[in-house]
Amino acid sequence: MDWILTTSLEVFLLTLIGGIVPVLLRRGARLQHLLASVAAGVFLGAVFLHLLPEVGELAAGHADHAGHAGHDHGGVIWIALLAGVVALFLVEQLLLRRFTDEPPAPHGHDHGHGHGHGHTEPEALCHEDHLDGDARHRMVGLATMVGLSLHAFTDGLGLSAGHEAEGLRDALTAAVLSHKAIGGFSLGAALMLARLERRRVMTLLVIFAAVTPLGAILRVAAFPDLSPEWLEPMTAFAAGTFLYVALCDLLPEVFHERRYGLAKLLLLLLGLGASHLLHSL
C-alpha cells in the first residue's frame, strides 16, 4: 500500500502542476484558443495513436485466443467504445447544458473570438443547435473534464496492478506519469477557455488530479479481487469519450473562425507530436 500512496502523490502533484500552467497565463482569448489547439492535438493523438490501437489489440487478442467466444468479447469492447461516445453526448445534452447558463467570469474587453463582430460561425460539427460563445466554451471545458476524468480513473485501476505485481511497478509508474502533466495542461487550457473563475478552475483541477489516485487506492482497498478483464471495456469506454471530445468539442471550437488558422494548425500538430512522444515512452 505504501507504493500506491507514494505513486498516487506523484501523480496528483504532476497533474496539478501541468494544469496550473494555463491558469497562470494571461486570460486573453487569443492565447486561450491557441492553448486549446494544443489540447485538441493531445486529444487526437491520445485517441488515434494510443487508445484506439489499444482497443483494437484488446479485441483482436480475444478473437485470436478464444475463438468465437473471444470474438464475442471483442465485440463487447467495441460496443463499450461506442457507448462512451453516446454517453458523453447524452451527458452534454442532458446534464452539462444546465451549467452553461451560468454567467461567465468577467474578462475585460478582450472578447477575442469574434462573436458579436459580424462573423458568421459555421454550424458546429456534432451539435444540432447553436450556443452562444461563452456557453459553448463552458460546454467544451466541462466535457473535457468528464472525458479526461474517465480516462484518469482507468489509469488508476491499471496502476493498481502494481500492488500485486512488484515487477510491473516501474513500467506502470512510467506509463502513467508520462502523460499526466500534459493531461492536466489540456484540461487547464480547456477550463480557462470556458471563462470560469480561476478559483473554480483550480477546484476542478484539484478534483481531476485526485481521480487517478482515487481509482488506484479504491481498487486496492475496496476491490482487491477485481478481475483485470473489467479494465478492458472501461478503457474502451474512456476512449469513446476522448473521441467525442476531440472531434465534437475541441476541434470545432479551435477552428470555428479563421483567425490565426496557421498558428492553430501548427499548435495542433505540436499537440499530436507531444501525445505520440509521451505515449511511446
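Residues numbered from 1 in each chain as written. Predicted model: local features only at pLDDT ≥ 70, side-chain atom pairs only at ≥ 80, totals over all residues. Heavy atoms only, no water.

Peer 1: Run through helix α4 (residues 169-177), naming residues and quoting values.
Peer 2: Quick reminder: α-helices carry 3.6 residues per turn. Residues three or four places apart thus point the same way. Listed as buried for α4 are Arg169, Leu172, Thr173 and Val176. Buried residues along α4 cover an arc of 100° about the axis, so they all sit on one side. For α4, the exposed residues lying more than 90 degrees away from the buried face are Asp170 and Ala171. (Buried < 20%, exposed > 50% of the residue type's maximum accessible area, 1.4 Å probe, protein only. Helix = DSSP H or I, 4+ residues; strand = E, 2+ residues; numbered from the N terminus. Arc of directions from axis to C-beta.)

Peer 1: Explain the side chain of Thr241 to me, and be specific about the residues and the numbers.
Peer 2: With respect to the helices, strands and loops of the structure, Thr241 is situated in helix α7 (residues 231-254). Each residue touching Thr241, except ones within four places of it in the same chain, is listed here: Gly84, Val85, Leu88, Gly147 and Leu150. (Contact = heavy atoms within 4.5 Å.)

Peer 1: Please give an account of the nonpolar core that cites residues and values.
Peer 2: Residues Phe43, Leu187, Leu191, Val201, Leu205 and Phe242 are the most contacted members of the largest nonpolar core, which totals 46 residues. Looking at this core, the elements with two or more residues in it are α1 (2-24), α2 (29-94), α3 (133-159), α5 (180-193), α6 (198-222) and α7. Of all the elements, α2 adds the most residues to this core, at 13 residues. Filtering out sequence-adjacent residues up to four positions away, Val201 remains in contact with Val23, Leu191, Met192 and Leu196. Residues Ile4, Leu172, Val176 and Val220 belong to the second largest nonpolar core, which totals eight residues. (Core = buried A, V, L, I, M, F, W, Y, C linked by side-chain atoms within 4.5 Å.)

Peer 1: Could you give me a rundown of a nonpolar patch on the surface, with the residues and numbers involved?
Peer 2: On the surface, a nonpolar cluster with roughly 540 Å² of combined accessible area is contributed by Leu82, Val86, Phe89, Leu90, Leu94 and Leu95. Along the chain, Val86 turns up in helix α2. According to the relative accessible area criterion, Val86 is partly exposed, its value standing at 41%. (Patch = residues over 30% accessible without salt bridge, like charges linked within 9 Å, V, L, I, M, F, W, Y side chains within 5 Å. Areas by Shrake-Rupley, 256 points an atom, 1.4 Å probe, with all protein chains shown as cover. Salt bridge = Lys/Arg side-chain N within 4 Å of Asp/Glu carboxyl O.)

Peer 1: Account for the packing of α5 against α6, with residues named and values stated.
Peer 2: The interhelical angle for the contact between α5 and α6, taken along N-to-C directions, is 150°, at an axis separation of 10 Å. Considered as vectors, α5 and α6 are oriented roughly antiparallel to each other. Crossing of α5 against α6: the hand is right-handed. Of the residues in α6, those in contact with Lys180, Gly183, Gly184, Leu187, Gly188, Leu191 and Met192 of α5 are Arg198, Val201, Leu204, Leu205, Phe208 and Thr212. Partitioning the contact of α5 with α6 into residue classes produces seven nonpolar, four polar and two charged. (Axes fitted to C-alpha atoms, helices over the stretch in contact; angles between N-to-C directions. Parallel < 35°, antiparallel > 145°, perpendicular 65-115°, else oblique. Left-handed = near helix turned anticlockwise from the far one by under 90°. Nonpolar A, V, L, I, M, F, W, Y, C, P; charged D, E, K, R; others polar.)

Peer 1: Report on the confidence of the model for the chain, specifying residues and quantitative values.
Peer 2: On average, the chain scores 78 in pLDDT, and the residues at 70 or more come to 78%. Of all helices and strands in the chain, the one with the weakest mean pLDDT is α4 (76), whereas α6 scores best (92). Between residues 107-125, whose pLDDT stays under 50, and residues either more than four places distant or in other chains, the model counts 33 contacts. (pLDDT = per-residue confidence, 0-100.)

Peer 1: Mind laying out the pattern of salt bridges, listing which residues take part and the relevant values?
Peer 2: Counting across every chain of the model gives two salt bridges. Here Lys180 and Asp155 are joined by a salt bridge, their closest N and O atoms 3.2 Å apart. Here the residue Lys180 occupies a position in helix α5, and Asp155 occupies one in helix α3, the gap between them amounting to 25 residues. The exposure class of Lys180 is buried, given its relative accessible area of 4%.

Peer 1: Account for α1, naming residues and giving values.
Peer 2: With 23 residues, α1 ought to run about 33 Å at 1.5 Å a step, and its terminal C-alpha atoms sit 33 Å apart, in line with that. Looking at α1, one finds that the buried residues are Trp3, Ile4, Thr7, Ser8, Val11, Thr15, Leu16, Gly18, Gly19, Pro22 and Val23. (Expected span 1.5 Å × (residues − 1).)

Peer 1: Explain the packing of aromatic side chains residue by residue, including any values.
Peer 2: Enumeration over the complete set of coordinates arrives at two aromatic pairs. An angle of 25° between the planes, with centres 4.7 Å apart, marks the rings of Phe43 and Phe242 as stacked. One end of the pair, Phe43, is in helix α2; the other, Phe242, is in helix α7, and 199 residues separate them in sequence. For the pair Phe43 and Phe242, one class covers both residues: buried. When the ring of Phe89 is compared with that of Tyr244, the centres are 6.3 Å apart and the planes differ by 70°; the resulting orientation is edge-to-face. Note that Phe89 is positioned in helix α2 and Tyr244 in helix α7, a separation of 155 residues in sequence. (Phe/Tyr/Trp six-rings, centres within 6.5 Å; stacked < 30°, edge-to-face > 60°.)

Peer 1: Tell me about unusual backbone geometry, and please be specific about residues and values.
Peer 2: Residues other than glycine seldom take positive phi values, yet Tyr260 does so here, at roughly 60°. Its place among the elements puts Tyr260 in the loop between α7 and α8 (261-279).

Peer 1: Account for the environment of Ala80, naming residues and giving values.
Peer 2: Within the secondary structure layout, Ala80 lies in helix α2. Relative accessible area serves as the criterion here: at 11%, Ala80 is assigned to the buried category. In this structure, the C-alpha to C-alpha distance between Ala80 and Ala238, residues 158 residues apart in sequence, is 8.6 Å.

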